[in-house]
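# Overview (structure and organization)
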Number of protein chains: 2
Amino acid sequence: MASDHTRSAILAAAERLYADRGFGDVTLRDIVAEANVNLAAVNYHFGSKDELIAELFVSRSIATNRERLRELKAAEEQGGGRAPIEVILRALVGPTLRGCLGPENQRSTAARFMIRASIESVPPIRRIKNREIDHLRKFAGAMRRSLPDRSDVDIYWGLNFALAMAHHTIRESERLTKLSEGKCDLDDVEDVVARVVSVATTALTAGRTETKAPSRVVAR
Amino acid sequence: MASDHTRSAILAAAERLYADRGFGDVTLRDIVAEANVNLAAVNYHFGSKDELIAELFVSRSIATNRERLRELKAAEEQGGGRAPIEVILRALVGPTLRGCLGPENQRSTAARFMIRASIESVPPIRRIKNREIDHLRKFAGAMRRSLPDRSDVDIYWGLNFALAMAHHTIRESERLTKLSEGKCDLDDVEDVVARVVSVATTALTAGRTETKAPSRVVAR
DNA sequence: GATAGTTTCATACAAGTGTTTGAATTGCAA
DNA sequence: TTGCAATTCAAACACTTGTATGAAACTATC
């Protein structure tokens, strides 16, 4: 193991560069230059470029997932195995939003990297994301316990919409700021979390009527 | 101008290949092979690879935007300059959802291309997307007229969330199907539209002026 | 301090990229 | 037909990419 100084220097440089300039136009040569390290070091320590990216993404996303599950577990234990839907949704979208939004100048490199990973979609990351389904299933289960009257379909749609609002807000935060001429304050993370949770909760609890209406609206 | 057969053959081949395999690993050589055309033809007819991609994306997205505005204008005229919020939202997300979802085997190449463009994000497309803000402002205006009591901030957040649900559902349709084990039927486009519009409407009207239960929206 | 195992380094490699070139071919008008 | 522009073509260009190599420089153990 000696000194893995080189190893972590590469990781840090790669994270910073990918965060700033995206996966598209950052080459191994850029990374090793930034890290003051030899070109061959990447392949020596990580095997390949893709494995470097994967390691970067995995370590960040398991941290987020762990935080999500920690909040979920705490909420369900406190509620005797059944947590309020708002709290579940907050555990789902809170960690991601808190990690990726907030005042830009105090936004961590890790956070900016994860934003990149959510905007661009590069093969090694896509492969990892596909394994996230099991993780989401745990939330679907908690939501089902919280809203036993709701159909599975509605639960899944609610979960989908909650993630949609969180991720899209992160991805397009710049555009929303520009569109609203700064009126939507994306640095106020807790307000964003509250808005997302509120809408998702309403979507899951309002309109008791059976959702799947037989009346079909014909398009075009 | 003679025969622009070559030109359109390239466009068709590029659209098909990009739709199927993504921008990442489709080269000019792949495209010209698919189009049975010489390699130099792309640069001759389009100037560069990026301009080819841009032309492809522009033509598709102005078609969508035109359809959106057509629906919006019709709705506002019918309501005397003020359309119901549900109808506005439907005009916003309907065309995109209808264009990108639906039974896969009968999904047009154009639709599949637009899905790709929404998943991967390649420089020439990103540049064009940034010009979409003016287009969205028109919808923000219509929404403000429809809900004069609502603050601008709320309007923009509602707009953001509506787009979020539509785009995320398109981007992650495969994952949602897998997660729900097929229970969420993404081929039933009108149901998806209704769900998105319903949630977005609730988000925009909840806790304020009551506009009846916005459960089921029927348009046209 | 010799030895064996890591780690670093300069360099080369092979493959692929978009683009350019200049000659051939085509199509059409005079 | 002839002439001329538009188009097509094969080939090469210039460059970048990730990866591999084998020697050199370390490091720790005996």
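Residues numbered from 1 in each chain as written. Chains lettered and ligands numbered in written order. Predicted model: local features only at pLDDT ≥ 70, side-chain atom pairs only at ≥ 80, totals over all residues. Heavy atoms only, no water.

What follows covers the protein's contact with DNA strand D. As a matter of local geometry, DNA strand D sits amid 15 residues, with Thr27(A), Arg29(A), Lys49(A), Thr6(B) and His45(B) nearest to it. Among all atoms of DNA strand D positioned within 4 Å of the protein, those belonging to sugar or phosphate total 55%. Note that a phosphate oxygen of DNA strand D is positioned 2.6 Å from one of the side-chain N or O atoms of Lys49(A). Elements with a contribution of two residues or more to the surface near DNA strand D: helix H2 (28-35) and helix H3 (40-46) of chain A together with helix H3 (40-46) of chain B. The residue inventory of the surface near DNA strand D, partitioned by class, reads six nonpolar, six polar and three charged. (Near = heavy atom within 4 Å. Polar contact = N/O pair within 3.5 Å; in protein donor to acceptor, adjacent residues only side chain to side chain. Helix = DSSP H or I, 4+ residues; strand = E, 2+ residues; numbered from the N terminus. Nonpolar A, V, L, I, M, F, W, Y, C, P; charged D, E, K, R; others polar.)

Bringing the interface of chain A and chain B into the picture now. Contacts between the two partners involve 48 residues from chain A and, on the opposite side, 47 residues from chain B. Between chain A and chain B lies a buried interface of about 4800 Å² when both sides are counted; carbon and sulfur atoms form 63% of it. Put simply, chain A and chain B have six salt bridges between them. Among the ionic pairs, Arg195(A) bridges to Asp154(B), the shortest N-O distance being 3.2 Å. Our count for the contact surface shared by chain A and chain B stands at 10 residue pairs in polar contact (both at pLDDT 80 or more). Looking at the side of chain A that touches chain B, the elements that each hand over two or more residues are helix H6 (109-119), helix H8 (133-146), helix H9 (152-171), helix H10 (173-179) and helix H11 (189-205) of chain A. Among the elements that line the side of chain A that touches chain B, the one with the most residues is H9(A), at 15 residues. Residues of the side of chain A that touches chain B, tallied by class, amount to 22 nonpolar, 11 polar and 15 charged. (Contact = heavy atoms within 4.5 Å. Buried area = accessible area lost by both parts, 1.4 Å probe. Salt bridge = Lys/Arg side-chain N within 4 Å of Asp/Glu carboxyl O.)

Counting buried residues along H6(A), nine of its 11 residues qualify, which places the element largely inside the surrounding structure. Burial in H6(A) covers these residues: Ala110(A), Ala111(A), Phe113(A), Met114(A), Ile115(A), Arg116(A), Ala117(A), Ser118(A) and Ile119(A). (Buried < 20%, exposed > 50% of the residue type's maximum accessible area, 1.4 Å probe, protein only.)

Of the transformation placing chain A onto chain B, the axial shift is 0.0 Å and the rotation is 180°, giving an RMSD of 0.0 Å. This pairing of chains is accounted for by a two-fold axis. Interface residue correspondence from chain A to chain B reaches 90%, placing this contact among same-surface, isologous pairings. (Least-squares fit on C-alpha atoms with pLDDT ≥ 70 in both.)

What follows concerns the protein's contact with DNA strand C. By nearness alone, 16 residues border DNA strand C, and Thr6(A), His45(A), Thr27(B), Leu39(B) and Lys49(B) come closest of all. Of all atoms in DNA strand C that approach within 4 Å of the protein, 55% are sugar or phosphate atoms. Side-chain polar atom of His45(A) to a phosphate oxygen of DNA strand C: 2.8 Å apart, as the coordinates give it. Contact distances for DNA strand C include 3.2 Å between a phosphate oxygen and a side-chain N or O atom of Asn43(B). Put simply, the parts of the chain that give the surface near DNA strand C at least two residues each are H3 of chain A together with helix H2 (28-35) and H3 of chain B. Ranked by residues supplied to the surface near DNA strand C, first place goes to H3(A) with three residues. Of the residues in the surface near DNA strand C, the class split is seven nonpolar, six polar and three charged.

Below, the discussion takes up the packing of aromatic side chains. Residue and element names in this part refer to chain A. Summed over all chains, the structure comprises six aromatic pairs over all chains. Geometrically, the ring pair formed by Tyr18 and Phe23 is tilted, given 4.7 Å between the ring centres and 35° between the ring planes. Since its relative accessible area comes to 0%, Tyr18 is described here as buried. With a relative accessible area of 5%, Phe23 lands in the buried category. Seen in terms of ring centroids, Trp157 and Phe161 are 5.4 Å apart; in terms of plane orientation they differ by 45°. Their pairing is tilted. Taken together, the residues span about one helical turn, with Trp157 and Phe161 both in helix H9 at a distance of four residues. Exposure remark for Trp157: the relative accessible area of 2% places this residue in the buried category. When its relative accessible area of 3% is taken as the criterion, Phe161 is described as buried. The rings of Tyr18, Phe23 and Phe113 are connected pair by pair, giving a single aromatic cluster. (Phe/Tyr/Trp six-rings, centres within 6.5 Å; stacked < 30°, edge-to-face > 60°.)

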